[in-house]
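Observations on chain architecture
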Amino acid sequence: MFGLNRLSIQSKMILLLLTVSLLSIAVVSWTGYRSAKSALTRQIENQLTGIRVAKTTTLKTMLEGLRDQVIAMSDSRAAIEGIKAFRQAYGELATATVSEDEGVALSNFYAGEFLPALQKNLDSKPAIEQYLPTGDVERYLQHHYIAASPHPYLQKQLLEQSPTDKTRYGQVHAEYHRLFDRAVRIFGFEDIMLVDIDTLNVVYSYQKTAEFATNLESGPYSNTLMAAKAKAMRAFKDRDDFKIADFEPYRPSLGRPMGFAISPIFDGPQCIGLLILQFPIDNFNKILTGDKHWEEEGMGETGEVHLVGPDKTMRSRSRFMIQNPETFLKTLTANGVSDRVINTIVARGNVICSLPVESEAATEALRGKSGLMETTDYRQQKVLCAYGPLELDSLRWAVLAKIDKSEADQPIAKLGRDVLAFATGIALGVTLLALFCSSMLTRPLRILAEGARRRVRGPDRVPHRRRHRCSAQVVEACDVGGLRDGTRGVVEVQRDKATADQNGTAEKSKSLSLDLVETETRFKDWNARILSDLDQLYEY
């Protein structure tokens, strides 16, 4: 079968040893590879999931702390007495007027300082009419606390008391500004605002940005997410209520992403105002990026954790833009991201609220689901992604912890190469061992076969081998096929002789018969010696 009968015993033994050994190596190697691959895959998945859960927990703790802070501050005497004093002082400014020079100074501030700085973070040119306040109270306060302030924009809070404002509002501002300054420094807020609950006028702003003194219902910033949350809170007026406004490119802060926490201020049973805390996204980014120590956090060369908002745009910075912005922008262009989006990213210097994320993982997380899947990220790269929601109040973000699939598969690929090299080495060793063992085991039979062949060719008697010498040779490798052929040859030679002389004389026939008998007797004796040597082989 399959030509095996034509193979020598040594070849058959080699084939048997190799078949059994190589099959065993293959089965053990494949089983070990599958088990190790499964363990490595679980380790990577558990690592991503663990990082995602840890980041989500930290962020939620921050948001809950922010909620507790805004509720506690809204119940403080500073907030309650402050909103009462600012509401009254703001109302007394109804008769205030702005001189022509003051109006020109305010217009110059917007045209020469605010709008040029804002335009750097926009992909379009803003119009001054869209931002310049029109009401007398708004113009009065913005002139004295913004345009006339000697401090640069975004540092107007350094002016504790306006030297040009001699009204009651100036006195109230000097009294309460230092209290709110202390709160900002302790808790790290960007801004603190007090809003009249009845009119939604911003009666106080710590940082004195462009929304100061404007109206959140009809003013230039009434379409912001912060203004929408303020309007919703005014409709219910529930004590200890709070709302988180999602991050947005906040134009009073020159387009930087800002979020807001809002809570009502009650004086006894009456809601008299809103406390609004403005916080930047920097602290969130520091947590998500591990302060830019991705590899130390186990994210490798391509891993990152980022947020996605309800509008499916980024709510945190991209690792790849931080590390190599030029290559990152080229990648976005090659992937077909619109020029408008890329121009906005370039202008702002980040992808927050600009770069769309349409991955399946983001969609599932925004639906409130958690899990792990292979998907395509915002760079159109195959990634392994752990996803889940971050929820507080009515706010829901998607938290995605991901790593490129090619990097995640590197340990598995290395394992496969190591297993293959190990199995190949063992297979080579087994092959050499099979050759050596088969040669040792078949040598005695080869010696016996050679003796049988010499019996056919050579002299009538086979030289006698001493028992101890035969025993030493019996332990070596041999060929049973050769022994069989030699024995058969002896019989065939004697049979040929008998056939050739059967027509001779009776005397020759008788002599030949005697010769044949003698030869047969000798063969039986010789065969008996062979059997005796074989017995010694087995005993040995």
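Residues numbered from 1 in each chain as written. Predicted model: local features only at pLDDT ≥ 70, side-chain atom pairs only at ≥ 80, totals over all residues. Heavy atoms only, no water.

**Some words on helix H3 (residues 100-119)**
Here H3 is 20 residues long and its end C-alpha atoms lie 27 Å apart, about the 28 Å a rise of 1.5 Å per residue gives. Its axis deflected by about 35 degrees at Tyr 110, H3 carries its strongest bend there. Among all positions of H3, only Glu 102, Gly 103, Leu 106, Phe 109, Tyr 110, Phe 114, Leu 115 and Leu 118 are buried. Buried residues in H3 make contact with helix H4 (128-131) and helix H5 (136-147). (Helix = DSSP H or I, 4+ residues; strand = E, 2+ residues; numbered from the N terminus. Expected span 1.5 Å × (residues − 1). Bend = angle between axes of the 7 residues up to and from the residue. Buried < 20%, exposed > 50% of the residue type's maximum accessible area, 1.4 Å probe, protein only. Contact = heavy atoms within 4.5 Å.)

**Some points on the pairing of strand S7 (residues 371-376)**
Across six bridges, S7 lies against strand S8 (residues 382-392) in antiparallel orientation. Counted as the bridge partner of Thr 375 is Val 383 from S8. In textbook terms, the turn of a hairpin is the stretch between consecutive antiparallel strands, and for S7 and S8 this stretch comprises five residues, one of which, Gln 380, has a positive phi near 65 degrees. (Pairing = 2+ DSSP bridges.)

**With respect to the pattern of salt bridges**
Applying the stated criterion across every chain, the model contains 22 salt bridges. Residues Arg 87 and Asp 198 are paired through a salt bridge, measuring 2.9 Å at the closest nitrogen-oxygen approach. Residue Arg 87 is located in helix H2 (residues 77-92), and its partner Asp 198 is located in the loop between strand S1 (191-196) and strand S2 (202-205); the two are separated by 111 residues in the primary sequence. We note a salt bridge from Asp 377 to Arg 379, for which the minimum N-O separation is 2.9 Å. When salt bridges that share partners are traced, they join Glu 304, Asp 377, Arg 379, Lys 402 and Asp 404 into one network. (Salt bridge = Lys/Arg side-chain N within 4 Å of Asp/Glu carboxyl O.)

**A few points about the packing of aromatic side chains**
Working definition: an aromatic ring pair is given by the centre-to-centre distance plus the angle between the planes. Going through the model one piece at a time under the given rule, you end up with 21 aromatic pairs. Ring geometry for Tyr 145 against Phe 212: centres 6.1 Å apart, planes inclined by 80 degrees, an arrangement best described as edge-to-face. Placement of Tyr 145 in helix H5 and of Phe 212 in the loop between S2 and helix H7 (225-236) is noted, with a sequence separation of 67 residues between them. A relative accessible area of 1% means that Tyr 145 is categorised as buried. In this structure Phe 212 comes out as buried when scored by relative accessible area, which is 0%. Among the aromatic residues, ring-to-ring pairing joins Phe 86, Tyr 145, Tyr 169, Tyr 176, Phe 180, Tyr 204 and Phe 212 into one connected group. Looking at Lys 208, its charged tip hangs above the ring of Phe 212, at a distance of 5.5 Å from the centre. Positioned above the aromatic ring of Phe 320 is the side chain of Arg 379, whose terminal nitrogen or guanidinium carbon lies 3.8 Å from the ring centre. (Phe/Tyr/Trp six-rings, centres within 6.5 Å; stacked < 30°, edge-to-face > 60°. Lys NZ or Arg CZ within 6 Å of the ring centre and 35° of its normal.)

**Focus: the pairing of strand S5 (residues 270-280)**
Judged by how many residues are buried, S5 sits mostly within the fold: 10 of 11 residues are covered. Sheet analysis places S1 next to S5, joined by six bridges and oriented antiparallel. Note on S5: the bridge partner recorded for Leu 194 is Leu 275. Hairpin connection from strand S4 (residues 256-267) to S5: two residues lie between these consecutive antiparallel strands, with Gly 268 at a positive phi of about 70 degrees.

**Considerations on the sheet that holds S4**
Read from one edge to the other, the open sheet built from five strands follows the order S2-S1-S5-S4-S3, with strand pairing classed as antiparallel. If you trace the sheet from one side to the other, it starts and ends with S2 and strand S3 (243-250), each paired once. The mean angle between the axes of side-by-side strands here comes to 25 degrees, regardless of whether they run parallel or antiparallel. Packed onto the sheet, H7 meets S1, S3, S4 and S5 and runs at close to 155 degrees relative to S3. (Axes fitted to C-alpha atoms, helices over the stretch in contact; angles between N-to-C directions.)

**Considerations on the sheet that holds S8**
Sheet strands line up and pair through hydrogen bonds in the backbone, either parallel or antiparallel. Here four strands make up an open sheet; going across it, the order is S6-S9-S8-S7 and the pairing antiparallel. Both outer strands of the open sheet, strand S6 (304-308) and S7, are each paired with one neighbouring strand and no more. Shown here is a sheet whose adjacent strand axes are inclined to one another by a mean of 35 degrees, direction ignored.

The values reported here are purely geometric and, on their own, carry no functional implication.
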